[in-house]
Amino acid sequence: MPHGSRLGPHPAGIGACTRRLIGYETRDPAGAPGRIHESDFMSDLRFDVLTIGNAIVDILARIEDDLLAREGVAKGMMRLVDGAQSAALYDRIGPAIEASGGSAANTAAGVASLGLRAAYFGKVADDALGRIYRHDIRAQGVHYETAALVGGAPTATSIILISPDGERTMNTHLGACHALSPDDIDEDVVAGSAVTYVEGYLWDPPLAKDACRKAFALAHASGRKTAITLSDSFCVDRYRGEFLDLMRSGTVDIVFANDSELKALYETSDRASAIEALRADCAIGIVTLGAEGAVALRGTETAPAPAFPIDRIEDLTGAGDQFAAGFLAGLARDLPLAEAVRLGCLCGTEVIGHVGPRPATSLKDLAAQTGFRL
Ligand SMILES: Nc1ncnc2c1ncn2[C@@H]1O[C@H](COP(=O)(O)OP(=O)(O)OP(=O)(O)O)[C@@H](O)[C@H]1O
Ligand SMILES: O=C(O)C(=O)C[C@H](O)[C@H](O)CO
């Protein structure tokens, strides 16, 4: 299929597509884009973005890099650990900060912080951390109704080691996330969401990929869009064939990768050729490039944006997650592609200025102060 043709003749983004498919226009007479109109309710479009992911409580601690060498973990990666390994590592770190996390949940929180409508599916246990997690994501304005796991593994945690340069290395105990299954996919929510976005990390627990495939099929059957983040270069190494198949079969429309995930996907060290391969394999591809900003690809269109300057990087946890929030919100609001990338960069910059994976300020206000009209 030619690039971009899955998005139809008006390559104006998710919001535009959805509105076209359901036959209404949201620009008000004054021309302000993206207002929620009565027609939204008539159309059954309930959410701008639905995300699905591993529901994880982050345990964030500053470390010196020699701890990574002693632990035998590569800086910047996510490694899976069991309960005993997690407990042993916890004993070896200094004081920590606990915060609700999980890559796709962080993105949903970012979308809500931007003032858009977000929903989330992810599995916690019926335990203290699970109750905190549920409170936090709802308090952040995200629709979250996934049933908690009763009588099984505990709520997932990730011990996130923050290096002096802000890079984060994650040690994730998936716990209750192993129980996420197709039964947790609320069909009405998928059908009522303009885009369903999942994290590649979901290919680790056994049934979650089936849940994703079910959600993707429902989304497309309802005329909605689908998206995935490749999550981590080691995750790409584990599931390269399946990720490429999702892209080349048209199961996912929008693909997010950072530089190392992109190169891992195409097994090359050459960014330029990998970018062209990504362009050919999906309707919209986005590559985040840390301090170099990011670039989006849609058919023959290439839309780069520089990173916003930042005085001091405190913690890189969640940079890609918040980038995705800004970019998806930009598409939902019909921003030009380069502006959606720029909004993604703005959201990425906010989260690296403090410890923790979710916004510490209103992204809606930050976007308005920076000149975005959402
Ligand atoms: N050093 C930096 N300076 C300025 N902006 C940055 C920096 N690092 C990240 N960002 C912003 O955050 C966005 C996402 O960062 P990055 O490309 O590192 O994603 P990522 O590797 O997926 O992040 P993470 O895995 O830590 O969530 C970038 O496109 C950029 O806008
Ligand atoms: O920093 C990242 O890449 C993240 O995706 C953040 C973590 O996944 C998340 O908060 C872990 O629970």
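Since the structure is predicted, the reported quantities are computational estimates derived from the model, not experimental observations.

Calculation criteria
- Residues numbered from 1 in each chain as written.
- Chains lettered and ligands numbered in written order.
- Predicted model: local features only at pLDDT ≥ 70, side-chain atom pairs only at ≥ 80, totals over all residues.
- Heavy atoms only, no water.
- Axes fitted to C-alpha atoms, helices over the stretch in contact; angles between N-to-C directions.
- Helix = DSSP H or I, 4+ residues; strand = E, 2+ residues; numbered from the N terminus.
- Left-handed = near helix turned anticlockwise from the far one by under 90°.
- Contact = heavy atoms within 4.5 Å.
- Nonpolar A, V, L, I, M, F, W, Y, C, P; charged D, E, K, R; others polar.
- Pairing = 2+ DSSP bridges.
- Phe/Tyr/Trp six-rings, centres within 6.5 Å; stacked < 30°, edge-to-face > 60°.
- Buried < 20%, exposed > 50% of the residue type's maximum accessible area, 1.4 Å probe, protein only.
- Lys NZ or Arg CZ within 6 Å of the ring centre and 35° of its normal.
- UniProt positions renumbered as here; feature names shortened; annotations may be inferred.
- Near = heavy atom within 4 Å.
- Polar contact = N/O pair within 3.5 Å; in protein donor to acceptor, adjacent residues only side chain to side chain.
- Areas by Shrake-Rupley, 256 points an atom, 1.4 Å probe, with all protein chains shown as cover.

## Some remarks on the packing of helix α12 (residues 319-332) against helix α13 (residues 337-352)
Part 1: For the pair α12 and α13, the least separation of the axes is 7 Å and the interaxial angle reads 145°. The interaxial crossing formed by α12 with α13 has right-handed handedness. Contacts between α12 and α13 involve Ala319, Gln322, Phe323, Gly326, Phe327, Ala329, Gly330 and Leu331 on the former and, on the latter, Leu337, Ala340, Val341, Leu343, Gly344, Cys345, Cys347, Gly348, Val351 and Ile352.
Part 2: Grouping the amino acids of the contact of α12 with α13 by side-chain chemistry returns 13 nonpolar, five polar and no charged.

## Digging into the sheet that holds strand β2 (residues 56-62)
Part 1: Pairing is mixed across the open sheet formed by five strands, whose spatial order is β3-β8-β7-β2-β4. Looking at the sheet topology across the chains shown, the edges are occupied by β3 (78-80) and β4 (97-100). In this sheet, neighbouring strand axes are inclined to one another by 25° on average, regardless of whether the strands run parallel or antiparallel.
Part 2: Direction of pairing for β3 relative to strand β8 (residues 168-173): parallel, over a ladder of three bridges.

## Here we look at the packing of aromatic side chains
Part 1: Across all of its chains, the model carries seven aromatic pairs by this definition.
Part 2: For the ring pair Tyr120 and Tyr144, a centre distance of 5.5 Å and an interplane angle of 35° mean the geometry is tilted. Residue Tyr120 is found in strand β5 (residues 118-121), and its partner Tyr144 is found in strand β6 (residues 142-144); the two are separated by 24 residues along the sequence.
Part 3: Residue classification places Tyr120 among the buried positions, given a relative accessible area of 0%.
Part 4: Relative accessible area serves as the criterion here: at 1%, Tyr144 is assigned to the buried category.
Part 5: Arg358 extends its terminal NZ or CZ atom over the ring of Tyr133, reaching a point 5.4 Å from the ring centre.

## With respect to the UniProt feature "domain: Carbohydrate kinase PfkB" (unreviewed entry) in the protein
Part 1: Per the UniProt record, "domain: Carbohydrate kinase PfkB" (unreviewed entry) is found at residues 100-359.
Part 2: When the span residues 100-359 is considered, its composition is 41% helix and 20% strand, and the gap between its end C-alpha atoms is 11 Å.

## Regarding the pairing of strand β7 (residues 156-162)
Part 1: Most of β7 sits inside the fold, with seven of its seven residues counted as buried.
Part 2: Bridge analysis of β2 against β7 gives seven bridges, and the strand direction is parallel. Looking at β7, one finds that Asp58 is bridged to Ser158.
Part 3: Taken together, the six bridges between β7 and β8 define a ladder with antiparallel strand orientation. Residue pairing in the sheet places Thr157 in a bridge with His173 of β8.
Part 4: Between β7 and β8, which pair antiparallel and follow one another directly, the connecting turn spans five residues, one of which, Gly166, has a positive phi of 95°.

## Focus on helix α5 (residues 103-113)
Part 1: Burial analysis of α5 places 11 of its 11 residues in the buried class, the great majority of the element.
Part 2: Within α5 the residues assigned to the buried category are Ser103, Ala104, Ala105, Asn106, Thr107, Ala108, Ala109, Gly110, Val111, Ala112 and Ser113.

## Considerations on the site of ligand 1
Part 1: Taken together, the neighbourhood of ligand 1 is formed by 21 residues, with Asn258, Thr288, Gly290, Leu316 and Gly320 sitting nearest.
Part 2: Interatomic distance of 2.8 Å between a backbone N/O atom of Gly290 and an oxygen atom of ligand 1.
Part 3: Backbone polar atom of Ala319 to an oxygen atom of ligand 1: 3.2 Å apart, as the coordinates give it.
Part 4: Here ligand 1, which alone exposes 620 Å², has 86% of that area covered by the protein.
Part 5: Counting only elements with at least two residues in the shell around ligand 1, the list comes to α12 and α13.
Part 6: Per-element accounting of the shell around ligand 1 gives the leading share, four residues, to α13.
Part 7: Along the lines of polarity and charge, the residues of the shell around ligand 1 split into 12 nonpolar, eight polar and one charged.

## Some thoughts on the sheet that holds strand β11 (residues 254-258)
Part 1: With respect to topology, nine strands assemble into an open sheet ordered β6-β5-β1-β9-β10-β11-β12-β13-β14, the strand pairing being mixed. Looking at the sheet topology across the chains shown, the edges are occupied by β6 and β14 (301-305). On average, each strand axis in the sheet is tilted by 20° relative to the strand beside it, whichever way the strands run.
Part 2: Relative to β6, β5 is paired through three bridges, and the arrangement is parallel. Within the sheet, the bridge partner assigned to Tyr120 lies in β6 and is Tyr144.

## Focus: the environment of Ile254
Part 1: In this structure, Ile254 sits in strand β11.
Part 2: For the pair formed by Ile254 and Thr196, sequence separation is 58 residues and the distance between their alpha carbons is 9.9 Å.

## Describing the site of ligand 2
Part 1: Taken together, Ile56, Asp58, Gly101, Gly102, Ser103, Asn106, Arg168, Met170, Thr317, Gly318, Asp321 and Pro357 make up the full set of residues adjacent to ligand 2.
Part 2: In this structure, Asn106 approaches ligand 2 through a side-chain N or O atom, which is 3.0 Å from an oxygen atom.
Part 3: Surface burial for ligand 2 is 93%, taken as the share of its 320 Å² of free accessible area covered by protein chains.
Part 4: Elements that contribute at least two residues to the shell around ligand 2 include exactly β2, α5 and β8.
Part 5: Counted by class, the shell around ligand 2 contains three nonpolar, six polar and three charged residues.

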